[in-house]
Amino acid sequence: MLKLGLRSVLAHRLRFVLCTVAVLLGVAFAGGAMVFTDTLSAALKKNFTTSTADVTVTPVTPIDAGPDRPATFQSTLVERVAAVPGVASASPQLLVRDVQILAPDGKPMETYGLPSFGSAWPRDSRTAQFKLLEGDLPWGVGQLGLDRSTATRLGYDLGDQVRIVTPTRAVTAKLTAITTPGLAGISAGAPLVTFDAVTAQLFLLGKPGWTSISVAVEPGADAGTVSNAIAQTIGDSVKVRTAAQVTVDGQNDLDNTFGGFSTVLMLFAGLALFVGTFLIVNTFAMVVAQRSRELAMLRAIGASRGQVTGTVLAEALVIGVIGSTLGLLVGIGVAAGIRFFYQHLDIQIPNAPMQVSAATVIACYLIGIGVTIASAYPAARRAGKLPPVAAMRDDVALPERSLLVRVLIGAFMLLMAVTLYLIGLEAGDLPGAVLIGFAAAITVLGVVMVSPLISRYVVRALMWPFGRKAPVTLGRRNAERNPRRTSATASALMISVALISGLLVIAASAKASIDKNIADELGTAELVITSDGPASFSPQVADRVTTVSGVQSVHQLRQQAGQVGASTVQVSGVSDGTLDGSITTKFDAGSAAGLHDGQAVLPRNLAKTLGLSVGKTFDLTTTTGKHRLTVGGILVPNRQLNAIVLSLPAYESVGGAASDSVLYVEVAQGTQVAPVAALILGQLKDYPSIQVRDQQAYAAGARGPVNSALAAIGMLLALAILIAILGIINTLALGVVERTREIGLLRAIGMDRPQLRRMLRVESIAISLLGALLGLAIGVLFAASIQSAMVDNGLNVRDIPVLQLMVAALAAAVVGVLAAVWPSRRAARLDVLQAIATE
């Protein structure tokens, strides 16, 4: 059976190539994701083969403050750890991320999304997380050290003045030390700036404190025993880990840091395989239908049902094996290309050979072969049911199963989708949007199931404007004659168009909402200051802006993470007067007056989620523990204040860091805004990541992430459309083979080649428009519904981009024309007499 399947593949190279391409694309992205992740992991984990400390002690806080605001402890804890039996030395460490290193021209060093770190010089060289290579240890506020790769990239030598920006200030200091990068944890291999201990605390934290303790145990002592002793002595306020545990945690940190690349590639793989499934299912259904007599002949000469089914599955197996092999090779190439990209960008990632593990190879073959065989199985099963007597008939054909079961299943799925849709509309907010998203996914599957029932009538309606000439009528009827085939081919395009149209509606609504919200929410603040580097910046920025001529007032907004019950929330601190004009606010209940008494103000959507109202108390958990707060006001949803809002003193009392996220600047009356913005930028030259924008530019910047997401997801969907086009080409090409005698007869009674090509183009356009119409309807409906559910979460304007959607529909028609080019030319070149003689 395998030999017969292989011969069938070789005899029908066209369908083999198209099916193989569909498998190849999916496996390539899956294999590339796994190979790249394994290679990068192996390269970076070289730094964890040895640990710099026998035991590491880190503070534990009620919630994770995030890597840019690490939990700290005081020197007294170091003394307690040092006194534990078995401890030879306890060296405090300080490591803070998001330290910007500026090039000699004043521009920030490009790290391509990787973090850079600032650190204190270690007291004990035995447990140091980096080593001195050249120069002398930095001392005082005027000296610092850089790792060698960073110094080389930026062209700094010992004795040069280096400018950096820390979370607390801008610094210019002399380069006195060249070091290695970090040797462990998330700082391994990353850019590193070093200071003496006192200076590091001043520059990196703005206060005394340490982020970890590196412990060296006495000779002969067991690290595990000492670790347990430290944990028992100090208690639950710290996390104590041995070198082995630190190694595992550090490797996990690296996996998490670079896991996004793998996730993106796996998304491409999943979508490619899902859409490709329609192509494979349709192909094998048509192939089995065309080979009905051949397969019946096998039954007639003694082949069992299982053997006939096995013949078709053997063909699928060959396609799956070859597609998986090519996909794996292409995936390795994808991973190698990404690695070359990083090396070309001069990101200092340790070299490691390409890691093509047995698990990756097995997974690629399981994915490729599994999808192919699963897609081919329904057709193979039907082939096995052919009776041997069918071989005696010239008009043998596979019996068509009733659509009743399929339609009932589809109707049930659509009923489920409607139920989820109504529940989602009623629930609103994010849970409602998630339910509506599930309803959309179920609707797509339901439409796929019921589309054969409606495709004939939809195609007839879509083709009506094209007239009633013979090529048009024949092309339309070709699309109508096999509704299963037409709907299956259109389904791949339907999914792509549904995603694209839904994305367009949500993106347009998001951008329109951003514009409206900023116009409504920014009152007297003519300028807004943010950072396009680290999310927060030094309060020195506000101090400097206040001194600029033409600035009337500066209002600060600070942010940190918090937790109320099981809900994670944002906590914002605002300076006096911020809600009195700089930000336009409206209250459903209460007022901003309670801020002066330490009360909290919440937006309506957040208050609804937490079940709070004016006068109620609640416990807010931050890095410093639980804090009891009282609700003083409920705000109308406000994009600038989508958080628990406190005054700055109250914010600091609950553990908020003294770093700003946004500054709202009011310009003196009668003063031009643009010159003031220029003066502010001049005053902040040593903060190159600071952005000073008026309200219009601020809105444009806020739209930037939406545009970026749209572009990234658009690339993903372009892949799906490519596979959908392959599916249409495949259907038309196999249809030409299936109708060879019919085409010969049409040519014989007078149809010329242009008319034949037009007939196939009409069939292709009909399939494309069917998929586009269904996709547009699903995408627009559910995207508009998601917007309705998210009104209180910032998506309060519905914008349906009619022109862009019309372009999408037109593009679907163009896809139909292009997909028909090669099959129609192939049909037009058929010899008329040979075509008529074909059985």
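Since the structure is predicted, the reported quantities are computational estimates derived from the model, not experimental observations.

**Student:** Report on a nonpolar patch on the surface, specifying residues and quantitative values.
**Tutor:** Nonpolar side chains collect at one region of the surface, where Leu-317, Val-321, Ile-322, Leu-326 and Leu-329 lie side by side and expose about 350 Å² of accessible area between them. Here Leu-329 shows up in helix α9 (residues 305–344).

**Student:** Can you explain the pattern of salt bridges? Please cite residues and give values.
**Tutor:** Taken as a whole, this structure holds seven salt bridges when the rule is applied. For Arg-148, the salt bridge goes to Glu-134, with nearest N and O atoms at 2.8 Å. Of this pair, Arg-148 sits in helix α4 (residues 148–154) while Glu-134 sits in strand β6 (residues 132–135), and the two are 14 residues apart along the sequence. Among the residues examined, Arg-148 registers a relative accessible area of 39% and is labelled partly exposed. Overall, the relative accessible area of 36% leaves Glu-134 in the partly exposed class. In this structure, the salt-bridge partner of Arg-544 is Asp-686, at a minimum N-O distance of 2.7 Å. With Arg-544 in helix α15 (residues 540–546) and Asp-686 in the loop between α18 (673–683) and β22 (690–694), this residue pair connects regions lying 142 residues apart in the sequence. Residue Arg-544 is classed as partly exposed on the basis of its relative accessible area of 23%. The exposure class assigned to Asp-686 is partly exposed, which follows from its relative accessible area of 22%. One salt-bridge network, in which partners are shared between bridges, spans Arg-558, Glu-652 and Asp-660.

**Student:** Give a description of the packing of aromatic side chains that names residues and reports values.
**Tutor:** Across all of its chains, the model carries three aromatic pairs by this definition. Each ring, one from Tyr-421 and one from Phe-782, has its centre 5.7 Å from the other, and the planes form 85°; the classification is edge-to-face. With Tyr-421 in helix α11 (residues 404–427) and Phe-782 in helix α21 (residues 753–789), this residue pair connects regions lying 361 residues apart in the sequence. As far as the burial class goes, Tyr-421 and Phe-782 line up, both buried.

**Student:** Could you give an account of helix α13 (residues 470–481), with specific residues and numbers?
**Tutor:** Taking 1.5 Å of rise per residue, the twelve residues of α13 would be expected to cover 16 Å, and the 16 Å separating its terminal C-alpha atoms lies within 8% of that figure. Every buried residue of α13 is accounted for by Pro-471, Val-472, Thr-473, Gly-475, Arg-476, Asn-478, Ala-479 and Glu-480. On the buried face of α13, the contacting elements are α12 (429–463), α14 (483–521), α20 (740–748) and α21.

**Student:** Please set out the packing of α11 against α21 residue by residue, giving values where relevant.
**Tutor:** Viewed as axis vectors pointing N to C, α11 and α21 meet at an angle of 30°, and their least axial separation amounts to 8 Å. Between α11 and α21, the angle falls in the class roughly parallel. The chirality of how α11 crosses α21 is left-handed. In this structure, α11 contributes Tyr-421, Gly-424 and Leu-425 to the contact, and α21 contributes Leu-781, Phe-782, Ser-785 and Ala-789. Here the contact of α11 with α21 is built from residues that sort into five nonpolar, two polar and no charged.

**Student:** Outline unusual backbone geometry, listing residues and values.
**Tutor:** Positive phi is not limited to glycine here, since Asp-98 has a value of about 65°. Looking at the secondary structure, you find Asp-98 in the loop between β3 (95–97) and β4 (100–101). Classification of Asp-98 as partly exposed rests on a relative accessible area of 26%.

**Student:** So what's going on with the side chain of Ser-455? Which residues, and what values?
**Tutor:** On the secondary structure map, Ser-455 appears in helix α12. When its relative accessible area of 1% is taken as the criterion, Ser-455 is described as buried.

**Student:** Could you give an account of the packing of α13 against α21, with specific residues and numbers?
**Tutor:** Close contact between α13 and α21 brings their axes to 7 Å; oriented N to C, the two are set at 45°. The angle between the axes of α13 and α21 places the two elements in the oblique class. In this structure, the crossing between α13 and α21 has a hand that is right-handed. Where α13 approaches α21, its residues Pro-471, Val-472, Leu-474, Gly-475, Arg-476, Asn-478 and Ala-479 are matched on the opposing element by Gln-755, Arg-758, Met-759, Val-762, Glu-763 and Ala-766. Across the contact of α13 with α21, the residue classes break down as seven nonpolar, three polar and three charged.

**Student:** Any details on the pairing of strand β8 (residues 161–165)? Residues and values, ideally.
**Tutor:** Here is the key point about a regular strand: its side chains alternate between the two faces of the sheet. Relative to β8, β4 runs antiparallel, the two sharing two bridges. Each residue of the ladder has a partner; that of Ile-101, found in β8, is Ile-164. Pairing of β8 with strand β9 (residues 170–179), which is carried by five bridges, proceeds in the antiparallel orientation. Pairing of Ile-164 across the sheet is with Val-171, part of β9. Taken together, β8 and the strand that follows it, β9, pair antiparallel across an intervening segment of four residues.

Rules used in this analysis
Residue numbering note: each chain is counted from 1, following its sequence as written. Only residues with pLDDT of at least 70 get local features here, since the model is predicted, and only at 80 or more are side-chain atom pairs given and counted; chain-wide, interface and lining totals rely on the full set of residues. Only hydrogens and water are set aside; all other atoms, that is, all heavy atoms of the structure, feed into the side-chain values. Patch construction takes residues with relative accessible area above 30% that form no salt bridge. Like charges are linked within 9 Å, and nonpolar side chains (Val, Leu, Ile, Met, Phe, Trp, Tyr) are linked within 5 Å. The Shrake-Rupley method, run with a 1.4 Å probe sphere, supplies the accessible areas, and residue values consider only the shown protein chains as cover. Any Lys or Arg side-chain nitrogen found within 4 Å of a carboxyl oxygen on Asp or Glu counts as a salt bridge. To qualify as a helix, a DSSP run of H or I must reach at least 4 residues; to qualify as a strand, a run of E must reach at least 2; elements of each kind are numbered from the N terminus. Partly exposed describes any residue whose relative accessible area lies between the buried limit of under 20% and the exposed limit of over 50%, with all areas from a 1.4 Å probe on protein chains only and scaled to the type maximum. Stacked, tilted and edge-to-face are the three classes applied to pairs of Phe, Tyr and Trp rings, where Trp contributes its six-membered ring and a pair requires centres within 6.5 Å; stacked means planes under 30 degrees apart, edge-to-face means over 60, and tilted covers the rest. Multiplying one less than the number of residues by 1.5 Å gives the expected span of a helix. Contacts are assigned to residue pairs that have any heavy atoms within 4.5 Å of one another. Angular values range over 0 to 180 degrees, each being the angle between N-to-C directions of two axes fitted as lines to C-alpha atoms, with helices fitted over their stretch in contact. When describing relative orientation, an angle under 35 degrees is termed roughly parallel and one over 145 degrees roughly antiparallel, while 65 to 115 degrees is termed roughly perpendicular and anything else oblique. A clockwise turn of the near helix away from the far one marks a right-handed crossing, whereas an anticlockwise turn of less than a right angle marks a left-handed crossing. When residue character is reported, Ala, Val, Leu, Ile, Met, Phe, Trp, Tyr, Cys and Pro are called nonpolar, Asp, Glu, Lys and Arg charged, and the others, Gly included, polar. Think of it this way: DSSP has to see at least two bridges between two strands before they count as a pair.

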